[in-house]
Amino acid sequence: MAAPRTLEVRVHGMDCADCAAKVRSAIAALPGVQSVDVLLGAEKAVVALDPARVDLAAIRVAVNGVGYTVPAASGIDRPATPALADVSRPLLVLFGVVFGVVLFVIVAGQWLGLFEILTARVPWPIWLAVLVAGGYPIFRNVARAAVRGRVIAHTLMTVGALAAVVVGQWATAAVVVLFMRVGDRTERFT
């Protein structure tokens, strides 16, 4: 038996707890895998394994089999856990930026009447192009999940954005798309 190794394997396409559970089950079923932790927000799986019995190629095949992908530059040996101070500062900066964006949108958009002004002055082809361009990656993931018969985390927000468009509140739809994108970036950061 070879010395056990711990790998961090990037997994693309996960966006809900059910996705993470499927990836975890697929990897855990491989012979030689001792433990698996799937980190949805970080889009990775931390796999403790016996390298004599399982390798990155087998993990890639298992993950692809349940509908997700492992990029080619994945499967690095897990580095030592960073100190708490190394993690807390970027996290505080991230929370500060997200809070600032939310506060700015609320103050500028709602209280100062910017949403109403923009809705009245910007023609619909422009705002439709902004919404589609801004939300395309997320809308694409929602459509793919719907084709597979799944509901993901962004499905409800997409329905909310569509409802805002239907009632003529495109500025509200743009804010929903903005928050979807900020939330998506936040998940990738952690």
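In what follows, the structure referred to is the one given above.
As a starting point, this report considers the structure included with it.

1. Some points on the overall build of the chain
Next, step 1: Counting its secondary structure elements, the chain contains seven helices and four strands.
Next, step 2: Classification of the 190 residues of the chain by burial places 33% in the buried group.
Next, step 3: Taking as baseline every contact in the chain between residues at least 6 positions apart, the subset at least 24 positions apart corresponds to 65%.
Next, step 4: When the accessible area of the chain is evaluated, it comes to approximately 11,100 Å², of which 68% is carbon and sulfur surface.

2. Points about unusual backbone geometry
Trans is the prevailing form of peptide bonds, just as negative phi is the prevailing case for residues other than glycine.
Next, step 1: Even without glycine at this site, Glu 43 takes up a positive phi of about 50°.
Next, step 2: You can see Glu 43 is positioned in the loop between β2 (33–39) and β3 (44–49).

3. Observations concerning helix α5 (residues 124–147)
Next, step 1: With 24 residues, α5 extends only 28 Å from end C-alpha to end C-alpha; this falls clearly short of the ideal 34 Å at 1.5 Å per step.
Next, step 2: The largest bend along α5 reaches roughly 70° and is located at Tyr 136, with the proline Pro 137 sitting one to four residues downstream.
Next, step 3: Restricting attention to buried positions, one finds in α5 the residues Trp 127, Leu 131, Gly 135, Ile 138, Val 142 and Ala 145.
Next, step 4: Just past α5, the residue Gly 149 takes up positive phi, approximately 80°.

4. Re the nonpolar core
Next, step 1: By size, the foremost hydrophobic cluster in this structure holds 37 residues, and its most contacted members are Met 14, Val 23, Ile 27, Val 47, Ile 59 and Val 63.
Next, step 2: At the level of secondary structure, the elements contributing two or more residues to this core comprise β1 (5–10), α1 (17–28), β2, β3, α2 (56–65), α5, α6 (155–166) and α7 (170–189).
Next, step 3: When sequence neighbours within four positions are dropped, the list of residues in contact with Val 63 reads Val 11, Val 23, Ile 27, Tyr 68, Thr 69 and Val 70.

The rules behind each value
- Residues numbered from 1 in each chain as written.
- Predicted model: local features only at pLDDT ≥ 70, side-chain atom pairs only at ≥ 80, totals over all residues.
- Heavy atoms only, no water.
- Helix = DSSP H or I, 4+ residues; strand = E, 2+ residues; numbered from the N terminus.
- Buried < 20%, exposed > 50% of the residue type's maximum accessible area, 1.4 Å probe, protein only.
- Contact = heavy atoms within 4.5 Å.
- Areas by Shrake-Rupley, 256 points an atom, 1.4 Å probe, with all protein chains shown as cover.
- Expected span 1.5 Å × (residues − 1).
- Bend = angle between axes of the 7 residues up to and from the residue.
- Core = buried A, V, L, I, M, F, W, Y, C linked by side-chain atoms within 4.5 Å.

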